[in-house]
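Results of the structural survey
Here is what each chain is made of, one letter per residue.
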Protein chains: 2
Amino acid sequence: MRSDKPTIAQVAQSAQVSKTTVSRYLNGRFEFMSAETRKRIQTVIEELEYRPNNLARGLKSKRSGLIGVLVADISSPFSSILVKGIGDHCKQNGFQTIIVNTDNDPAKEREYIQALMDNRVEGLIVNVTGKHNDFLLELREQGVPIVLADRPLEHLDFDTVTSNNFQMTYDTVQHLHQEGFRRVAFFTQDVSEIQTRYTRYQAFLQACRDLYDIQGDDWVYVIEPADIESVVRELNTFLLNGVGPSAVFAVNGVTLLSVVQAITRLKLTMPTDIGLCGYDDWGWAAVIPPGITVISQPSYRVGIEASKRLIQQILSNRRFKPKLVELPSELVIRGSTVLHPKS
Amino acid sequence: MRSDKPTIAQVAQSAQVSKTTVSRYLNGRFEFMSAETRKRIQTVIEELEYRPNNLARGLKSKRSGLIGVLVADISSPFSSILVKGIGDHCKQNGFQTIIVNTDNDPAKEREYIQALMDNRVEGLIVNVTGKHNDFLLELREQGVPIVLADRPLEHLDFDTVTSNNFQMTYDTVQHLHQEGFRRVAFFTQDVSEIQTRYTRYQAFLQACRDLYDIQGDDWVYVIEPADIESVVRELNTFLLNGVGPSAVFAVNGVTLLSVVQAITRLKLTMPTDIGLCGYDDWGWAAVIPPGITVISQPSYRVGIEASKRLIQQILSNRRFKPKLVELPSELVIRGSTVLHPKS
DNA sequence: TTGTACGCGTTATCAG
DNA sequence: CTGATAACGCGTACAA
């Protein structure tokens, strides 16, 4: 086991120059360097396969080249694509990303942020677990560059990149309305802690008031996607509770899938027995007959945009006025919400 | 912007002791420390909110506490769950993971490994992009702890954690055989570069010889999942080329989904017009009528097991005899392959 | 155009 | 039980 990597000193010695000169070479400061020494250093570096030690570099220069990324659930397609976008853009700009999974657990989140700061990450991209976060605020006060991805915090003190949740949810309910659905259920997971869900919920209520002239609370069903039985029950309740063409709007991909399962269990046919649409286009939605209408989020672009803003913050070293960026999602209309095909 | 974190020196001064003593405290070496100084140091640390600088620590101690993870495609559910397992187990043992996405590109893979080594990661978990890799071999020679996840390399010089691909593929074809399918098509992406796919391919051929008494090559269809038209074409070819109950085995989740789409396009009914099964249980397989038979991989456990072995390597500091660990997958039988329901 | 000498924040060696 | 002091590998005033 020989992990005896060559150091800058060895390079200097072999090239018959001082460490300083090598260091200059490494950082591209050959403004006043003779072409000859330059060449000599280059040769030695290649020969020794020398690579600078980032730890030492960071210790001295206060620039670790590391960016910390916290996601609430890496196993969700949304997160993994987000992370991909972040990774791509950071790499392109010479940063490495340290990705950690908070499991939607605020305690873990805090712990991880500490650990990341211990490693002197230069900035943080956070998919927050809650709707308020004093710890993050404190860090921001200390000047740590931070960008929120997907989920905003209540007090908009942070740069945030997300998608136009309110608008899209509203538009989609409007689509259902236009298609002739007389009743719409909003199936969701707990709405209290996650801002994004809450926004969609609010948009739904607004749409109910504007379009259906009701308050809408009766059409909201809070479920636990893992518990299919309960989803089936709630769906049944909804259907038995009124008449006319009815549809379900699912707050996210996980919920959507569980509603599909419930529909299968109840042997209902889409869209005649029930219409269905909701968030997240994760591949399968197109394939389940008759095709499920979904809102497709620009996860990758959210990742790009978030890292772009973060790197700006890091490099420019000054604090920007926090800005909320909302990227457009796309409504993909398929058979599950089309009661009267045009053709 | 004040990123003036307190240092060990400041703690020492405030606590009226030397840096050495503080360092001892930090590393739990209070064997010979008076309870009083101990208490005093603790108080000061809390007061100052002091946290040790990992860069400095790593520089001195050669232990960065970082583990590098390379995945070929983070956006695939397999990878993201794998990464979750790795992250969970590493964290539990005091390591941070740096995750990078190689996009199935060997050049990127190499570049990233370099970058990770520059950050002095203590070990590497790699979901390799190719079937041979001299660079990794070289690193191993230098004593870098490495574990391969999911995809083995041709020469088994590395610790590797994967699932029992050969056995499961074989068993699944056997299941089709027993169910009465007379013909089985193997739909796959290019098989030449990825060992895991190749193994499944070999298992398929073997099963063909053993069970159907043919060579099997004619039943192999290499497709590009993104190009649905071609999948439709190939599927048609297969169906028109023979008689009797026919089924498709898809080499992975992506391929499986594209075959489902093709089946939908051709308005075929499962399992009567065609049986279907294949790798990866990513949620939707259960929901597409009549339920798709799949092989469910233990991605999470692969992640756990891989990091477990890696950390062993790191901590014990000696080289183990490389070992290939094959975790069992599970065959989940659903309607798409059941020609004659028992009930 | 190049080199000397010091410091970044820790840990380890040795001597009290 | 505790404390100087020297590294770790690199960057940078300052000097030459």
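Residues numbered from 1 in each chain as written. Chains lettered and ligands numbered in written order. Predicted model: local features only at pLDDT ≥ 70, side-chain atom pairs only at ≥ 80, totals over all residues. Heavy atoms only, no water.

Structural notes on the overall build of chain A
Across its full length, chain A carries twelve helices and twelve strands. The C-alpha radius of gyration computed for chain A amounts to 26 Å, which surpasses the reference 20 Å derived for 343 residues by more than 25%, pointing to a less compact arrangement than a globule. Overall, the C-alpha framework of chain A stretches about 90 × 40 × 40 Å when taken along its three principal axes. Put simply, chain A has 343 residues, and 55% of those count as buried. (Helix = DSSP H or I, 4+ residues; strand = E, 2+ residues; numbered from the N terminus. Rg over C-alpha atoms; globule rule 2.2 N^0.38 Å. Buried < 20%, exposed > 50% of the residue type's maximum accessible area, 1.4 Å probe, protein only.)

Overview of the sheet that holds strand 4 (residues 146-149) of chain B
Residues and elements named next belong to chain B. Pairing in this open sheet of six strands is parallel, and the strands run 2-1-3-4-5-11 from one edge to the other. Single-partner strands in this sheet number two, and they are strand 2 (96-101) and strand 11 (324-327). Looking at each pair of strands side by side, their axes are set apart by 20 degrees on average, direction ignored. Sheet topology note: the strand 1 (residues 66-71)/strand 2 ladder contains six bridges and is parallel. When the sheet's bridge partners are listed, Val71 is paired in strand 2 with Asn101. Strand contacts of helix 5 (residues 77-92): strand 1, strand 2, strand 3 (123-126) and strand 4, with the helix running at about 170 degrees to strand 1, the strand carrying the most contacts. (Pairing = 2+ DSSP bridges. Axes fitted to C-alpha atoms, helices over the stretch in contact; angles between N-to-C directions. Contact = heavy atoms within 4.5 Å.)

Notes on the side chain of Asn252 of chain A
Residues and elements named next belong to chain A. Here Asn252 shows up in the loop between strand 8 (246-250) and helix 11 (253-265). Side chain to side chain, Asn252 and Gln189 meet in a polar contact 2.9 Å long. Other than its neighbours up to four places away in sequence, Asn252 contacts Gln189, Arg197, Arg200, Tyr279 and Asp280. (Polar contact = N/O pair within 3.5 Å; in protein donor to acceptor, adjacent residues only side chain to side chain.)

Side note on the relation of the copies chain A and chain B
At an RMSD of 0.0 Å, chain A and chain B line up after a rotation of 180 degrees and a shift of 0.0 Å along the axis. On the angle and the small slide along the axis, the relation comes out as a two-fold axis. Relative to the rotation axis, the C-alpha of Ile98 of chain A is the closest in chain A, positioned 2.3 Å from it. Interface overlap between copies is the fraction of interface residues in one copy that are interface residues in the other; for chain A against chain B it reaches 100%, indicating a shared surface. (Least-squares fit on C-alpha atoms with pLDDT ≥ 70 in both.)

Some thoughts on the interface of chain A and chain B
With 54 residues of chain A in contact, the opposing surface of chain B contributes 54 residues. Taken over both partners, the interface formed by chain A and chain B buries close to 5,100 Å², and the fraction arising from carbon and sulfur atoms is 56%. Applying the counting rule to chain A against chain B returns six salt bridges. The residue Glu111 of chain B makes a salt bridge to Lys91 of chain A at a minimum N-O spacing of 3.3 Å. Connecting chain A to chain B are ten residue pairs in polar contact (both at pLDDT 80 or more). When residues of the side of chain A that touches chain B are traced back to their parent elements, those giving at least two are helix 4 (54-61), helix 5 (77-92), strand 2 (96-101), helix 6 (106-118) and helix 11 of chain A. Broken down by element, the side of chain A that touches chain B gets its largest block of residues, eight residues, from helix 6 of chain A. Each residue belonging to the side of chain A that touches chain B can be placed in one class, and the counts come to 22 nonpolar, 19 polar and 13 charged. (Buried area = accessible area lost by both parts, 1.4 Å probe. Salt bridge = Lys/Arg side-chain N within 4 Å of Asp/Glu carboxyl O. Nonpolar A, V, L, I, M, F, W, Y, C, P; charged D, E, K, R; others polar.)

Thoughts on the side chain of Asn127 of chain B
All names here are of chain B. Within the secondary structure, Asn127 sits in the loop between strand 3 and helix 7 (134-141). Within polar-contact distance, the side chain of Asn127 engages the backbone nitrogen of Ala72 at 3.2 Å. One polar contact links the side chain of Asn127 to the main-chain carbonyl oxygen of Ala149, over a distance of 3.2 Å. Once residues lying within four places of it in the same chain are set aside, the contact partners of Asn127 are Leu70, Val71, Ala72, Ser79, Glu109, Ala149, Asp150 and Arg151.

Notes on the state of the cysteines
Working definition of a disulfide: a covalent bond connecting the sulfur atoms of two cysteines. According to the stated counting rule, one finds zero disulfides over all chains in the structure shown. Summary of cysteine pairing: Cys208 of chain A is not part of a disulfide, and the nearest cysteine sulfur, belonging to Cys277 of chain A, is at 12 Å. (Disulfide = S-S within 2.5 Å.)

Comments concerning the protein's contact with DNA strand C
The immediate surroundings of DNA strand C are formed by 27 residues, with Ser18, Thr20 and Lys60 of chain A together with Ile8 and Tyr50 of chain B found nearest. A share of 59% is what sugar and phosphate atoms reach among the atoms of DNA strand C within 4 Å of the protein. In the model, a phosphate oxygen of DNA strand C is placed 3.3 Å from a nitrogen or oxygen of the Lys62 of chain A side chain. For the surface near DNA strand C, the elements supplying multiple residues, two or more each, are helix 2 (19-26) and helix 4 of chain A together with helix 2 (19-26) and helix 4 (54-61) of chain B. In terms of residue count, helix 2 of chain B provides more of the surface near DNA strand C than any other element does, four residues in total. Taken together, the residues of the surface near DNA strand C sort by class into eight nonpolar, eleven polar and eight charged. (Near = heavy atom within 4 Å.)

So, the packing of aromatic side chains
Across all of its chains, the model carries 16 aromatic pairs over all chains by this definition. Relative to Trp219 of chain A, the ring of Tyr212 of chain A has its centre 5.4 Å away and its plane inclined at 80 degrees; by these criteria the two rings are edge-to-face. According to the relative accessible area criterion, Trp219 of chain A is buried, its value standing at 12%. Summarising the aromatic geometry, the rings of Phe186 of chain B and Phe204 of chain B are spaced 4.9 Å apart at their centres and angled 25 degrees between planes, so their arrangement reads as stacked. With Phe186 of chain B in strand 6 (residues 183-188) and Phe204 of chain B in helix 9 (residues 195-212), the pair connects residues that are 18 residues apart, well separated along the chain. For the pair formed by Phe186 of chain B and Phe204 of chain B, the shared burial category is buried. Linked through ring pairs, Phe186, Tyr198, Tyr201, Phe204, Phe249 and Tyr279 of chain A together constitute an aromatic cluster. The ring of Tyr112 of chain B has Lys91 of chain A lying over it, and the distance from NZ or CZ to the ring centre is 4.8 Å. We note Arg110 of chain A situated over the ring of Phe135 of chain A; from NZ or CZ to the ring centre the distance is 4.2 Å. (Phe/Tyr/Trp six-rings, centres within 6.5 Å; stacked < 30°, edge-to-face > 60°. Lys NZ or Arg CZ within 6 Å of the ring centre and 35° of its normal.)

What to know about the pairing of strand 9 (residues 275-279) of chain B
All names here are of chain B. Among the five residues in strand 9, five count as buried, and that is most of the element. Relative to strand 9, strand 8 (residues 246-250) runs parallel, the two sharing four bridges. Looking at strand 9, one finds that Phe249 is bridged to Cys277. Relative to strand 10 (residues 293-296), strand 9 runs parallel, the two sharing three bridges. Note on strand 10: the bridge partner recorded for Cys277 is Thr293.

Just distances and angles here, no functional claims.
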